[in-house]
Every structure is written in structure tokens, then in C-alpha cells.
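# Architecture and fold: a report
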Amino acid sequence: MWTRDTDSSPAALRSNCACYRTSYDPQFGLPVVGEHYRTVGGDTDNWTYTTYTPLDLRPDDVFASLIIDGENGLFWARTADGALSLLPQEEGCGYGFGRTGGGPTALADYLTKLIASNGKDTTAGGPPYSIRTVDQQILTWVESKPKARHLELTLEELQAIQRG
Ligand SMILES: [Zn+2]
């Protein structure tokens, strides 16, 4: 289990608080670790949370919309019941916009499969990238780096993007 840092830890030398707390996401049961950082003077005082992304939504979940949090670089799925889940993703394979790194292709690949299955296939991963077919319209849209800081798109809206 996580324990409070002792005064002799390196973190404690930089700040007067470096502690952890654990909890879990009540919807999906995923563990969450919160890390507190507070400087001696208290000028900086914040919590950073870390959790896992799922490999899939739950069996009875129905995909309703994709949420893009451009400010924090996070991608979410909203279910028909209104539950929010981090967008399922493969281990070590983040999503992104623009043309940098593998994130845009991974996101376009996921959305391609999601749209092709009419929202039914929400699993991350699949066959090797080399033999997957990423939809070019979706990839172009992802690479165009939509400017909105917060964007929520239904399956119908994603399908409209694919049609171009
Ligand atoms: Zn603390």
C-alpha cells in the first residue's frame, strides 16, 4: 500500500508535503492514486490523480459520445446511461491530435473501428497496425487538430466526419 513519505525522502526535502491517497472509480472500479504536492510556502498546492484506462467499456454499456478534453489531453467515452469512462486504449498507446507521435493514428484507428461497428465495438487494440485500415477522412480530421478545447461528438457526428 501507499504510505506517507517520510521526512527523509527526496520529495520531502523540496516540499513540506508529499503524500498519497488511494480510491477507486465507483463506476468502473478502476484504482485511482492521488498524489499531493504542496510547496513549503503553500504557493503550489495540488493533487494529481493517476488511474488506468480500460481496454473496453462494460458489456452492457452503449457508446453515446466521444469527449475530447483538449485542455488536459484526455479522451473520454460517455455511455447512453451518462457514465464517463476514459476512452479504452491499449497499454502504452496514448491518443492525440495533430501530427506528432503515434497518438493521432491510434485515435483514428480506434474511431474507425468504433464507427464501422456502429458504436458496438468499443474495445481497444486488435490486429497489428500494419494490417488495420484507418479511415482517411477520420485521420485527416484528427491530424487537423480541432481547435476546440472541449468537444463532444455523438456517433452520428463522427459518422458525418467520416463521410467528409
Ligand atoms: Zn499532502
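Predicted model, so just to flag it, every value in this text is computed and none were measured.

### Points about the packing of helix H2 (residues 103-116) against helix H3 (residues 136-143)
- Running from N to C, H2 and H3 point in directions that differ by 140°, and their axes come no closer than 9 Å. By the criterion of interaxial angle, the relationship of H2 to H3 is oblique. In this structure, H2 meets H3 at a crossing whose hand is right-handed. Facing Pro104, Thr105, Leu107, Ala108, Leu111 and Thr112 of H2, the residues of H3 in contact are Ile138, Leu139, Val142 and Glu143.

### Section: the environment of arginine 99
- Inspection of the secondary structure assignment puts arginine 99 in the loop between strand E7 (84-86) and H2.
- Residue class for arginine 99 comes out exposed when judged on the 12 C-beta atoms lying within 10 Å of it.
- When the C-alpha positions of arginine 99 and threonine 140 are compared, they lie 9.7 Å apart, and in sequence the two are 41 residues distant.
- In this structure arginine 99 touches Pro104 and Glu143, once residues within four positions along its chain are discounted.

### Some thoughts on the sheet that holds strand E5 (residues 63-69)
- The strand order E7-E6-E5-E8 describes an open sheet built from 4 strands, whose pairing is antiparallel. One side of each edge strand has no neighbouring strand; the edge strands of this open sheet are E7 and strand E8 (150-154). Sheet twist, expressed as the mean angle between neighbouring strand axes with direction ignored, is 25°.
- Pairing analysis gives 3 bridges linking strand E6 (residues 74-79) to E7, with the strands arranged antiparallel.

### Section: the nonpolar core
- Formed by 17 residues in total, the largest nonpolar core has its most connected members in Leu107, Leu111 and Val142.
- Elements supplying a minimum of two residues to this core: E5, E6, H2 and H3.
- A per-element tally of this core places H2 first, with 6 residues.
- Discounting chain neighbours no more than four positions away, the residues touching valine 142 are Phe97, Pro104, Leu107 and Ala108.

### Remarks on H3
- Within H3 the residues assigned to the buried category are Ile138, Trp141 and Val142. Seen from one end, H3 has its buried residues packed into an arc of 100°, which puts them on one side. Summarising the geometry of H3, the exposed residues directed more than 90 degrees from the buried face are Gln136 and Thr140.
- Elements in contact with the buried residues of H3: H2 and helix H4 (155-163).
- Following H3 by one or two positions, lysine 145 has its phi on the positive side, about 55°.

Quick notes on the rules
Residues numbered from 1 in each chain as written. Predicted model: local features only at pLDDT ≥ 70, side-chain atom pairs only at ≥ 80, totals over all residues. Axes fitted to C-alpha atoms, helices over the stretch in contact; angles between N-to-C directions. Helix = DSSP H or I, 4+ residues; strand = E, 2+ residues; numbered from the N terminus. Parallel < 35°, antiparallel > 145°, perpendicular 65-115°, else oblique. Left-handed = near helix turned anticlockwise from the far one by under 90°. Contact = placed C-beta atoms within 7 Å. Buried ≥ 20, exposed ≤ 12 C-beta atoms within 10 Å, placed from the backbone. Pairing = 2+ DSSP bridges. Core = buried A, V, L, I, M, F, W, Y, C linked by C-beta atoms within 7 Å. Arc of directions from axis to C-beta.

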